[in-house]
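# Tertiary structure, described
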Amino acid sequence: MRPLPARHSGDPNPASDPVRVQLFVPCLVENLAPEIAEATARVLTRAGAEVALPPGQTCCGQPLYKSGRHAEARDLALRFLDVFSGPDPVVAPSGSCVAMVKAYPKLLAHDPARAEAARALAGRTFELSQFLVDVLGVEDLGAELPMAAAYHDSCQVSRTLGVREQPRKLLAKVRGLDLREPSRPAACCGFGGTFSVQFPEVSASLTAEKAADLAATGAQAVVCAEPSCLLNLRSHLDKNSPDLGIRCLHLAEVLNSGFGGAS
Amino acid sequence: MSDESREHILSALEDALAQAPVASGPAAPAFPEPADPAAPDWPALAREVTTNGGRFALARSAAEARGALASLVKAFGVRRAVLWDHPALARLGLADTLAKAGVEVAPPDLAPAEFKEAASECDLGVTGADAVILESGTVVAIARPGRERATSLFPPVHLALVTRETEILPGIADLGPWLARQRGEDGRPPSAIHCITGPSSTADIELVKVRGVHGPTTLAVVAVEENA
Amino acid sequence: MSRAPGFADRSADACADAQLQANLKSAVLHFQRNRAKAFAAFPGSEAARDLVRDVKDAALSRLPDLLRELERSVTALGGAVHWARDGAEACAILAEIAAEAEASTAVKGKSMVTEEIALNPALEAAGLEVYETDLAEYIIQLAGEPPSHIMAPAVHKNRRQVGELFAKKLGAEYTEDPTELTNIARTTLRRRFLRADLGVTGANAALADSGIVVLVENEGNIRMSTTAPRVHVAVMGIEKVLPGPAEAAAMLAVLARSASGQKMSSYTSFLAGPRRDGERDGAQAFHLVLLDNGRSRILADPELRQTLRCLRCGACLNVCPVYEKAGGHAWGSPYCGPIGTCMTPLLGKGRGRDLPFACTGCGACAEVCPARIDLPGVIMALRRKAAEDPAFPDPAERGGPPLSAAAAKLFVKVAGSPGLFRAAASLARTLDPGLALASRLAPGLRAWTRTRKPPRLRTPFTASWPALARNLKGQALKGGRP
């Protein structure tokens, strides 16, 4: 049994006083990839957090917002504020969902009281790797995954949230992991939500391009921190290159690897 | 019709701004501090000019300047040339060099139509440089009577002389204050100021860089240090 | 959700064109590399971009006064200023200028605004021969095609295609060599320059304090068009006026670097009205046509007005994943790429209701915009307008928001109740876990699944949470692994 890695020396909270976090489960993950949420919960626990799942989560409103239906998105934003009204940090294994929450203050600008609450919520909502590295100060989760893997810089994670170094720092500590950079790490995978349905040819072409770039690294796995990119790439690889046997893993799943049992 | 449109447009703009003033940034844009006037930095200029596809030579005397001109004439088989009416060109004795090389120089008193014709048949145009920008290797030419636009544009070879008349500007940002100073006694700026950075070029066909599209194929910059 | 026409059809055609795909990929990577190299070597680049944003915003906040001052300055130089509310008016003004000057031929520099107003057909209808002189514009003029890139309008053509075009249209001997092809164009167009009566250009900026028009190019065709013909007409959008030289220098510090990776373009010209007494070249008459065509409306909208900062450098196109695959023609507008998406619905009568949705939201454009336009933010605002305003921007066009108002309301109802949300997922999981039925029913999903294996609906995470929570508690108590 491998001992847990020592906590970051700058951490003010000793192991006996864990940070409480509220787990925010994107609806894609809830229904199409629940293993990502489980891995996230385990990783956070291992990093010293106490994970709670606020009841009654449904959807942050992103599909509505991105379709231009802002009035309807507002209804879901208000609901979200209530579900996550507790004071503890909110952590999600998704850049796009966190970005949506960061957009709540603007979406609710017409209602100063709610906008203020939204600002407070946005200030304590984090993407997983951001939370682990920047807030908890943890980079080594004790994971092991002897495999060549290529990391995809999802657009919402890398550009919207500015999170590029944190996933790489975490992956660098995964024992046995041979991390490879594709030639265009930040090129969009082409999903873009409803874009992939409205403009399927362009989307498919972009996904194929991205998948080929990742595959060309010789990696056996593709890793990213965004569930929608992950599902997009996995669906593409499963259909077009099943023989390559490339696994598509969420960052949380990689960080949860090597512990046997449920990981 | 134009007056009506003028009023319509201006009032539409005024209404637009009255409705919702532009969000204020800093009180005034933070322009960079003006740089101190630069000493000539020939290696820097040479590097930029050649990176841009031009040729550079340093002439340490009037004789060397004449030599550079003679080499250019020989290299490009120049038979006809058009020159600026510029004190440096006269001082360096360039007309003499051209005469010795059998180059026909466009007479200075041609009427505009004849001048246009003559310039379009020249192989070489020689100008001074009112300024150079060291950061980008740019030569700046101001149009005046006797210092035509076509001289640095029509012929396939353009020779620009950087002399003591040339103001040295360290960077592109310095173009601002310099431009602000270019006013005549009547307060008007010159009719044309051309910032020339390298020969004419395009990459419109398959991104392959081709020099000499509509302007000169060759830009030669000769910096002249005259001690005497 | 019906399949939107317009961008969807044109981009599908583009994706099926292997030659175009190769040309586009090669071009955008080339431009990306050049820009990246120039900015990496430019220590003050972030401050320079901030400055452009501030300079432009300051100018926009004083637009009416600056335009009045510009008019006075140009008039004092002996030039004439004309005001056009829309494209038709601008074309009429130019036709009148040409008629008064008794012009029969015109040479044109590359100018987005002249494409916007469809100037060439209008001048030709007025009896003029009009020659595009920028090499790429010349190529597409011969081919009868619209531009496909703001900076490199013929990027969709390869050397073989250009060679065939020149052989066919100019009677030139067939060659594929870019240098030889360029020389053919140079020789042909040189004659045109020297014989043209009228030179038409756009303007990168006009300086209010002096009346100077700023023109940026690499080929020399704009210098030729403003040196040889006797009349010069510059057409300019009203948003391009700047106070004076300091602002011009701020713009020039980033423009060429953003567009092509050069510190300065081959020629940057500052032209101040017609030639002076004693000068033997340069235009003898100068006209500046100021065009509104929807710009005042854009200025009125606080969310959209930052679009007016645009320098027309093309950097956003070069990093846009959608542009890389769809190519410029997919926009069906002289303005393509991210800025095209923002401007096309707002200029003139406005069109392109589907354009704001033809975006993956990746944000690469905002990363490179030298004027710091929040392009993704503007696009999101346009999506909202497309969904909320039935008159935006062309109600006759199909296409636009992927979710109907009814579907959006239904979504809110279901997602507003955890019970309903769970039930809906449960129903879908029972009936169609592999999304096979959904793929057959919804045309959009059908297209999606043509190239992808759909994921399966799973037992929701929430259902397994109680057991997991107990397990995690045990892990925490033990201080080890679960």
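Predicted model only: the values in this text are computed from it and were never measured.

Analysis parameters
Residues numbered from 1 in each chain as written. Chains lettered and ligands numbered in written order. Predicted model: local features only at pLDDT ≥ 70, side-chain atom pairs only at ≥ 80, totals over all residues. Helix = DSSP H or I, 4+ residues; strand = E, 2+ residues; numbered from the N terminus. Buried ≥ 20, exposed ≤ 12 C-beta atoms within 10 Å, placed from the backbone. Contact = placed C-beta atoms within 7 Å. Pairing = 2+ DSSP bridges. Axes fitted to C-alpha atoms, helices over the stretch in contact; angles between N-to-C directions. Domains from an automatic or database assignment. Nonpolar A, V, L, I, M, F, W, Y, C, P; charged D, E, K, R; others polar. Parallel < 35°, antiparallel > 145°, perpendicular 65-115°, else oblique. Left-handed = near helix turned anticlockwise from the far one by under 90°.

## As for the overall build of chain B
In terms of helices and strands, chain B carries seven helices and 12 strands. Taken along its principal axes, the extent of the C-alpha atoms in chain B is 70 × 50 × 45 Å. Out of the 228 residues in chain B, the part that is buried amounts to 48%. For chain B, the proportion of contacts with a sequence separation of at least 24, taken over those separated by at least 6, is 76%.

## Brief notes about the overall build of chain C
Looking only at helices and strands, one finds 23 helices and 10 strands in chain C. By its C-alpha atoms, chain C is 95 × 50 × 50 Å across when sized along the principal axes. Counting across all 482 residues of chain C, residues that qualify as buried make up 59%. Within chain C, contacts between residues separated by at least 24 positions form 74% of all contacts whose residues are at least 6 apart in sequence.

## Things to note about the sheet that holds strand S9 (residues 267-271) of chain C
Ordered in space as S8(B)-S5(B)-S6(B)-S9(B)-S9(C)-S6(C)-S5(C)-S8(C), the eight strands form an open sheet in which the pairing is mixed. Looking at the sheet topology across the chains shown, the edges are occupied by strand S8 (167-169) of chain B together with strand S8 (241-242) of chain C. Here strand S6 (residues 213-217) of chain C pairs with S9 of chain C via five bridges, running antiparallel. By the bridge assignment, Leu215 of chain C is partnered in S9 of chain C with Ser269 of chain C. Relative to the sheet, helix H12 (residues 245-260) of chain C contacts strand S5 (205-207), S6, S8 and S9 of chain C, its axis offset from that of S5 of chain C by approximately 160 degrees.

## Details of the domain arrangement of chain C
Taken domain by domain, chain C consists of domain 1 (1-41 + 302-402), domain 2 (63-293) and domain 3 (409-478). The distance between the C-alpha centroids of domain 2 of chain C and domain 3 of chain C comes to 57 Å.

## Some thoughts on the interface of chain A and chain C
Between chain A and chain C, the contact holds 59 residues from the first and 60 residues from the second. Here the residues of the side of chain A that touches chain C sort into 28 nonpolar, 18 polar and 13 charged.

## Details of the packing of helix H12 (residues 200-215) of chain A against helix H1 (residues 7-15) of chain C
At a closest axis distance of 8 Å, the pairing of H12 of chain A and H1 of chain C adopts a crossing angle of 40 degrees. As the angle between them shows, H12 of chain A and H1 of chain C are arranged oblique. Counting all contacts with H12 of chain A, which are made through Glu201, Val202 and Ser205 of chain A, the residues of H1 of chain C involved are Ser11, Ala12 and Cys15 of chain C. Class assignment for the residues of the contact of H12 of chain A with H1 of chain C results in three nonpolar, two polar and one charged.

## Quick notes on the packing of helix H3 (residues 45-61) of chain C against H12 of chain C
Residue and element names in this part refer to chain C. Two elements in contact, H3 and H12, have axes whose closest approach is 9 Å; the angle formed by their N-to-C orientations is 140 degrees. Looking at the two axes, H3 sits oblique to H12. Relative to H12, the crossing made by H3 is left-handed. Contacts from Ala48, Arg49, Leu51, Val52, Val55 and Ala59 of H3 reach H12 at Glu247, Ala250, Met251, Ala253 and Val254. Tallied by class, the residues present in the contact of H3 with H12 amount to nine nonpolar, no polar and two charged.

## Comments concerning the pairing of strand S4 (residues 124-128) of chain B
All names here are of chain B. Counting buried residues along S4, five of its five residues qualify, which places the element largely inside the surrounding structure. Taking every second residue as pointing to the same face, both faces of S4 are buried, with Leu124, Val126 and Gly128 on one and Gly125 and Thr127 on the other. Across three bridges, the pairing between strand S2 (residues 80-83) and S4 is parallel. Residue pairing in the sheet places Ala81 in a bridge with Leu124 of S4. Looking at chain direction, S4 and strand S7 (residues 157-162) are connected through five bridges and run parallel. Within S7, the residue paired with Gly128 across the bridge is Leu161.

## Structural notes on the sheet that holds S4 of chain B
Read across the sheet, six strands follow the order S1-S12-S7-S4-S2-S3 (chain B) without closing on themselves; strand pairing throughout is parallel. Only two strands of the sheet have a single partner each, and these edge strands are strand S1 (55-59) and strand S3 (104-105) of chain B.

## A look at unusual backbone geometry
Positive phi, close to 60 degrees, is recorded for Leu207 of chain B, a residue that is not glycine. Along the polypeptide, Leu207 of chain B turns up in the loop between strand S10 (201-202) and strand S11 (210-211). The phi dihedral of Arg372 of chain C is positive, around 55 degrees, even though this residue is not glycine. Residue classification places Arg372 of chain C among the partly exposed positions, given that 18 C-beta atoms sit within 10 Å.

## With respect to the interface of chain B and chain C
Counting residues at the interface gives 62 residues for chain B and 77 residues for chain C. Secondary-structure elements contributing two or more residues to the side of chain B that touches chain C are helix H1 (2-19), helix H6 (112-120), helix H7 (175-181), strand S9 (192-196) and S10 of chain B. Among the elements that take part in the side of chain B that touches chain C, H1 of chain B stands out by supplying 12 residues, more than any other. Relative to S9 of chain C, S9 of chain B runs antiparallel, the two sharing five bridges.

## Section: the environment of Asn31 of chain A
For Asn31 of chain A, the position within the fold is in helix H1 (residues 27-32). Judged by the 24 C-beta atoms lying within 10 Å of it, Asn31 of chain A falls in the buried class. When neighbours within four sequence positions are excluded, Asn31 of chain A is seen to be in contact with Ala425, Leu457, Arg458 and Pro460 of chain C.

## Some words on the arrangement of the chains
Take the two pairs of chains in contact: the one carrying the most contacts is chains B and C. With no contact between them, chain A and chain B keep their nearest C-alpha atoms 16 Å apart.

## Considering the pairing of S6 of chain C
Residue and element names in this part refer to chain C. Among the five residues of S6, five are classified as buried, and the element is accordingly described as predominantly covered. Burial along S6 is two-sided: Val213, Leu215 and Glu217 facing one way and Val214 and Val216 facing the other are all buried. Judged from the two bridges that link them, S5 and S6 form a sheet pairing that is antiparallel. Bridge pairing in S6 places Ala206 opposite Val213.

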